[in-house]
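Chain by chain, the residues:
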Amino acid sequence: MPARSRGSKLHGRQNVHVEVEPRTVFAGRILYRGRIIPAELGVSEEGRILKVAPSVRGGRRVDLGEALLLPSAIDLHVHFRDPSPPGSVEDFQSGTVQAALGGVGAVVDMPNTDPPTTSVERLEEKGDRFRAKAEVDGLLLAALRTETRVEELAAQGAGFKLYMAPTTGDLAAPPGTDLRPLLERVARTGAPVHVHAEDPRLFQEGLYAVDPEGWAAKRPARSEISAVRSLLPLAEGLRLHLAHATTVEAVELARGAGWSVEATPQHLLLAATAHQDARWKVNPPLRSVAERDALFGSFKTGRVTMLASDHAPHALSEKERPFPEAPSGMPGVETMLPLLLEKVRSGDLALPTLVAAAARRPALFLGLPRGHLAAGMEANFLVVDFRDKTRIRARDLHAPCGWTAFEGREGIFPRAHYLRGRQIVEDGEFVGDHTGLLLSRGDGAGASLPAAPTPRTAPRPSSSPNPSSAPSVPSPSA
Ligand code: DOR
Ligand code: ZN
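Residues numbered from 1 in each chain as written. Chains lettered and ligands numbered in written order. Predicted model: local features only at pLDDT ≥ 70, side-chain atom pairs only at ≥ 80, totals over all residues. Heavy atoms only, no water.

Undergrad: When you look at the sheet that holds strand β15 (residues 306-307) in this model, what are you seeing that I'm missing?
TA: Backbone hydrogen bonds are what pair the strands of a sheet, in a parallel or an antiparallel way. On the basis of which strands lie adjacent, the open sheet formed by 6 strands has the order β10-β11-β12-β13-β14-β15 and parallel pairing. Of all the strands in the sheet, the pair left with one neighbour each is β10 (142-143) and β15. The pairing of strand β11 (residues 160-163) with strand β12 (residues 192-196) spans 4 bridges and is parallel. The residue bridging Lys-161 from the neighbouring strand is His-194, located in β12. (Pairing = 2+ DSSP bridges. Helix = DSSP H or I, 4+ residues; strand = E, 2+ residues; numbered from the N terminus.)

Okay, structure coming up:
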């Protein structure tokens, strides 16, 4: 009879703790206080981490050797186009399969679908669609418009998306709309508002853009800064989140006002040039090399607190239209984490900074018991080997749209992915079986508090980058 680990379960209202045996023990290496150390995770039948320690007894043993176990990423910004008219290039099934393969265990889906998520009925219908198809977990945002039934939607959804400028789905308020009464109502509900911050009053409407460089001039960086600034006087009591930041100035302005901030791989790694076609057309636009490098600098130091993909697939036939008519957006949920893991491998980014931005802070933002590997958390984790450097090719990805703006770049894809202790990716192949759940903010937040694992230092494994020069995991506050 194996010794029982100290996991506990609350019974009824009587507060009686009983010992719970791990169903599975995963042995590998984990990131702990900025160092990579050997560790074992004891995981319960329900998929909770019961214990993290140098050695855990009980249950089935899965030996992952020298591989690194990292918490699954949480992508705060995807467009899975479900519902959408027949012939669309994505739905919750295809989107969540790509997420699973890219190491993303939960997504926040945007409301600019067709029809858009503007009512409780549509939110519920969308929830049903998600539950029927999802391979990873998800939360749904509703669109924030002047006619939005704020109180009902706040109670049902995961928060709101505010479009301040026209983009796919046409959900922006007409210019000149007074947002104050609407935002005051949202503030009273406590629901977060994810902001697409571009001020259309500063768009260069007369400019005929035929490439991403022109697009960046037409929707200039200062329009992002102006949009953030315009919300500051209206933001009292509001929980605001700056989506897809493109400039350090907007990041600092938002941070100074207590907002959380996300940036996408495209705005961190790509820049606008005159040689790209409409596949590189996104809203807000890609910026100059200097602005991109400055944004990446902010990400490296943890000033940009979170990573998100803004996965927005469009059919190639749509992207092949003349630049001015082509839609904005690019796919990216499958490549988000691999691209940034490669930045860690090459020494350009500290692993603790990436894990905080991709998993730990988004989990705290959503109030979910995940995002780091500790007792009490859900066992949502990836098996990563930094020797698995792969050249990204659209033909090897799983996006039905069939293209990527990151073609030819290098990425490190997770070998395996476990959601609540169940394997959904094995040897880089999807093996899940409708494991995804529709979540609400704060789901499971009453779980027992994480206990610290017993640290044990170890020599640096050859399969891992050197994290010792990295700062320790930054404080998880937004
Ligand atoms: O580039 C973008 N694409 N920006 C958005 O705001 C929307 C998105 C989409 O849904 O296609
Ligand atoms: Zn978006």
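Undergrad: For this particular structure, what's the right way to read the coordination of the zinc ion (ligand 2)?
TA: Protein-derived ligands of the zinc ion (ligand 2) are His-77 (NE2), His-79 (NE2) and Asp-310 (OD), with the metal-ligand distances lying across 2.0 to 2.2 Å. Read N to C, the donor residues that coordinate the zinc ion (ligand 2) are spaced as H-x1-H-x230-D. Relative accessible area serves as the criterion here: at 1%, His-77 is assigned to the buried category. The buried category is assigned to His-79, whose relative accessible area is 6%. (Donors = N, O, S within 2.8 Å, 3.2 Å for Na, K, Ca; no water. Buried < 20%, exposed > 50% of the residue type's maximum accessible area, 1.4 Å probe, protein only.)

Undergrad: Would you explain the packing of helix α1 (residues 92-101) against helix α2 (residues 120-133) in this entry?
TA: Between two packed helices, the angle of one axis relative to the other and the distance separating the axes together describe the packing. At a minimum axis separation of 9 Å, α1 and α2 run at an interaxial angle of 55°. Regarding the angle of α1 to α2, the classification is oblique. As for how α1 packs across α2, the hand of that crossing is right-handed. For the pair α1 and α2, contact is made by Phe-92, Gln-93 and Thr-96 and by Lys-126, Arg-129, Phe-130 and Lys-133, respectively. Among the residues forming the contact of α1 with α2, the class breakdown is 2 nonpolar, 2 polar and 3 charged. (Axes fitted to C-alpha atoms, helices over the stretch in contact; angles between N-to-C directions. Parallel < 35°, antiparallel > 145°, perpendicular 65-115°, else oblique. Left-handed = near helix turned anticlockwise from the far one by under 90°. Contact = heavy atoms within 4.5 Å. Nonpolar A, V, L, I, M, F, W, Y, C, P; charged D, E, K, R; others polar.)

Undergrad: I would appreciate a short explanation of empty space enclosed by the protein in the present structure.
TA: In this approach, a probe sized like a water molecule rolls over the atoms, and the result shows the empty space that is left. Throughout the structure, instances matching the rule amount to 4 cavities of 30 Å³ or more. Taken as a whole, the largest cavity encloses approximately 120 Å³ of empty space. Across the lining of the largest cavity, the residue classes tally to 3 nonpolar, 11 polar and 3 charged. Taken as a whole, the second largest cavity encloses approximately 70 Å³ of empty space. Surrounding the second largest cavity, Gln-98, His-311, Pro-331, Gly-332, Val-333, Glu-334, Thr-335, Leu-397, Ala-399, Trp-403 and Thr-404 form its lining. Per-class residue counts for the lining of the second largest cavity are 5 nonpolar, 5 polar and 1 charged. (1 Å grid on protein atoms, 1.4 Å probe; cavity = no way out; pocket = protein on both sides within 12 Å on 5 of 7 lines; lining within 4 Å. Points joined across faces, edges and corners; volume = space filled by probe spheres on them.)

Undergrad: So what exactly am I meant to see when it comes to the sheet that holds strand β9 (residues 137-140) here?
TA: With parallel pairing, 3 strands are arranged side by side in an open sheet as β7-β8-β9. Of all the strands in the sheet, the pair left with one neighbour each is β7 (73-78) and β9. Going from strand to strand, the sheet's axes swing by 20° on average, the running direction of each strand aside. Of the strand pairs in this sheet, β7 and strand β8 (residues 104-109) are connected by 4 bridges, and their pairing is parallel. Paired with Asp-75 across the two strands is Val-107, which belongs to β8. Contacting β7, β8 and β9, helix α12 (residues 351-366) crosses the sheet at an angle of about 65° to β7.

Undergrad: What is the right way to read the side chain of Gln-276 from this model?
TA: With respect to the helices and strands, Gln-276 occurs in the loop between α8 (265-269) and α9 (289-300). Gln-276 gets classed as buried once you look at its relative accessible area, which sits at 14%. A polar side-chain atom of Gln-276 sits 2.8 Å from the main-chain amide nitrogen of Thr-273. The residues touching Gln-276, leaving out its near neighbours within four places in the chain, are Asp-211, Pro-212 and Ala-271. (Polar contact = N/O pair within 3.5 Å; in protein donor to acceptor, adjacent residues only side chain to side chain.)

Undergrad: Help me out: how do you make sense of the pattern of salt bridges in this one?
TA: Pairing between side chains of opposite charge can happen when their charged atoms approach one another. Scanning the entire structure with this criterion turns up 33 salt bridges. In this structure, Arg-29 engages Glu-66 in a salt bridge whose closest nitrogen and oxygen atoms are separated by 3.5 Å. One end of the pair, Arg-29, is in strand β3 (residues 24-32); the other, Glu-66, is in strand β6 (residues 60-71), with 37 residues separating them in the sequence. Between Asp-91 and Lys-133 there is a salt bridge, with the nearest N and O atoms lying 3.6 Å from each other. Taken together, the residues span a long stretch of sequence, with Asp-91 in the loop between β7 and α1 and Lys-133 in helix α2 at a distance of 42 residues. Owing to a relative accessible area of 24%, Asp-91 belongs among the partly exposed residues under this scheme. A cluster of three or more residues bridged by salt bridges with shared partners is formed by Asp-82, Asp-91, Glu-125, Arg-129 and Lys-133. (Salt bridge = Lys/Arg side-chain N within 4 Å of Asp/Glu carboxyl O.)

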